[in-house]
Amino acid sequence: MQTKSISRVKALQLMGGTKGKYFSAAFKKKDGSYREMVSRTGVKKFRKTQDKKSFAHNLDNPYFLVYDIQKKGYRVINLETLLWVKFGGTRYDVIGNAN
């Protein structure tokens, strides 16, 4: 597996550009614990409402909304504590200190 280093902005673009394909990500949770998840974007089947959007869609916060395949539910990844993303056979280590 290849490993590359990318910025948080590039990581956001990478995850947003997966077009519904599976990817893995690791980050530190709010309580400081380490979390890895297999997820995807674009899942709409399990939304509770069609018109109400998540707070993660706001452009003024560092969150990215995904569907967690293992837990079968929507989860939010904090981009400020994102450690790495795996997609397409490449692991992308996110440059910068995680909080």
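Within each chain, residue numbers correspond to sequence positions counted from 1 in written order. Reporting in this predicted model follows two pLDDT cut-offs: at least 70 for local features of residues, and 80 or more for side-chain atom pairs to be given and counted; totals over whole chains, interfaces and linings ignore these cut-offs and use all residues. Values reported for side chains reflect all heavy atoms of the structure, with hydrogen atoms and water molecules removed beforehand.

Draft legend 1. Molecular detail of unusual backbone geometry. Despite not being glycine, lysine 19 has its phi angle at roughly 55°, a positive value. Position of lysine 19 among the secondary structure elements: in the loop between helix H1 (8-16) and strand S2 (23-28). Lysine 19 gets classed as exposed once you look at its relative accessible area, which sits at 77%. Of note, lysine 72 is a non-glycine position whose phi angle comes to about 55°, a positive value. Secondary-structure assignment places lysine 72 in the loop between strand S4 (63-68) and strand S5 (73-78). The numbering of helices and of strands both runs from the N terminus, where a helix is a DSSP run of H or I of at least 4 residues and a strand a run of E of at least 2. Each residue's exposure class comes from its accessible area (1.4 Å probe, protein chains only) as a fraction of the maximum for that residue type: buried when under 20%, exposed when over 50%, partly exposed otherwise.

Draft legend 2. Spotlight on the nonpolar core. In this structure, Met15, Phe23, Val66, Ile77, Leu82 and Val85 are the most contacted members of the largest nonpolar core, which totals 16 residues. Any two residues whose heavy atoms approach within 4.5 Å are treated as being in contact. Sequence-distant contacts of valine 66, that is, excluding residues within four places in its chain, are made with Phe23, Met37, Ser39, Arg40, Thr41, Gly73, Tyr74, Arg75 and Ile77. Buried Ala, Val, Leu, Ile, Met, Phe, Trp, Tyr and Cys residues that are joined via side-chain atoms within 4.5 Å together make up what is termed a nonpolar core.

Draft legend 3. Focus on the side chain of threonine 90. Assignment of secondary structure puts threonine 90 in strand S7 (residues 90-94). With residues near it in sequence (within four places) discarded, threonine 90 still touches Met1, Gln2, Lys4 and Val85.

Remember that the coordinates give geometry; whether it matters functionally is a separate question.
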